[in-house]
Amino acid sequence: MFAHQAYAAQALGLTEIGLCAGAGPDANGNALNGTYTWARCGFDAPLKLIVSDFFSRPTSLKGVRTVQEVMRSDEGRDWWRNRHIRCEMAFDLRVGSLSWQVLQAYLDEKGIRLDK
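Residues numbered from 1 in each chain as written. Predicted model: local features only at pLDDT ≥ 70, side-chain atom pairs only at ≥ 80, totals over all residues. Heavy atoms only, no water.

**Re the overall build of the protein**
Helix and strand content of the protein: five helices and four strands. Put simply, the protein runs from its N terminus to its C terminus through helices and strands in the order α-β-β-β-α-α-α-β-α. Computed over C-alpha atoms, the radius of gyration of the protein comes to 15 Å, within 12% of the 13 Å expected from 2.2 N^0.38 for 116 residues, which places it in the range of a compact globule. Principal-axis analysis of the C-alpha atoms places the extent of the protein at approximately 40 × 35 × 25 Å. By the burial criterion, 44% of the 116 residues in the protein qualify as buried. Side-chain charges in the protein split into 14 positive and 13 negative, and the spacing between the mean points of these groups amounts to 3 Å. (Helix = DSSP H or I, 4+ residues; strand = E, 2+ residues; numbered from the N terminus. Rg over C-alpha atoms; globule rule 2.2 N^0.38 Å. Buried < 20%, exposed > 50% of the residue type's maximum accessible area, 1.4 Å probe, protein only. Lys, Arg positive; Asp, Glu negative; His and termini not counted. Charge placed at Lys NZ, Arg CZ, Asp CG, Glu CD.)

Structure representation (structure tokens):
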């Protein structure tokens, strides 16, 4: 559903979609994994602005600066999945952007084909 929304937003001339992603338990105690899920769909954000334990990340992630850089490795994805934070993230709607590349890879992984 999000991919259809992204294509529609792009067709309207928008350049970015922003959202506040959440993680951790909601008011009813249900697990939320929005920061991980939205990152898997291509949303990105600078780490230093959103992660309070930015400097305690694994050694292999010391040079990364963005959520999408974290998501490039299994260790990074595991580390990010366990960050129970809420944060502002953005999807870059420009043709060929990293956001589109990540979303397309995710759709391919899931075997999802869209008629644009």
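**What about the environment of Arg 94?**
Within the fold, Arg 94 resides in the loop between β4 (87–92) and α5 (98–110). By relative accessible area, which is 55% here, Arg 94 ends up exposed. In the structure, Arg 94 is positioned 28 residues away from Thr 66 in sequence and 18 Å away in space, judged by C-alpha atoms. At 2.5 Å, the side chain of Arg 94 and the side chain of Asp 92 are in polar contact. (Polar contact = N/O pair within 3.5 Å; in protein donor to acceptor, adjacent residues only side chain to side chain.)

**Some points on the pairing of strand β1 (residues 16–21)**
The alternating pattern of β1 places Ile 17, Leu 19 and Ala 21 on a buried face, while none of Glu 16, Gly 18 and Cys 20, on the opposite face, is buried. Two elements, β1 and β4, share six bridges in a ladder whose sense is antiparallel. When the sheet's bridge partners are listed, Ala 21 is paired in β4 with Cys 87. (Pairing = 2+ DSSP bridges.)

**Let's talk about the state of the cysteines**
Overall, the coordinates contain zero disulfides when judged by the stated rule. With no disulfide of its own, Cys 20 lies 7.1 Å from the sulfur of Cys 87, the closest cysteine sulfur. Under the relative-accessibility criterion, Cys 87 is labelled buried at 3%. (Disulfide = S-S within 2.5 Å.)

**Side note on the nonpolar core**
If you look at the biggest cluster of nonpolar residues, it comprises 29 residues, and the most contacted ones within it are Phe 2, Ile 17, Val 67, Trp 80, Met 89, Phe 91 and Leu 103. Mapped onto this core, the elements with two or more residues apiece are α1 (2–11), β1, α2 (34–40), α3 (67–70), α4 (74–81), β4 and α5. Per element, the largest residue contribution to this core is five residues, and it comes from α1. (Core = buried A, V, L, I, M, F, W, Y, C linked by side-chain atoms within 4.5 Å.)

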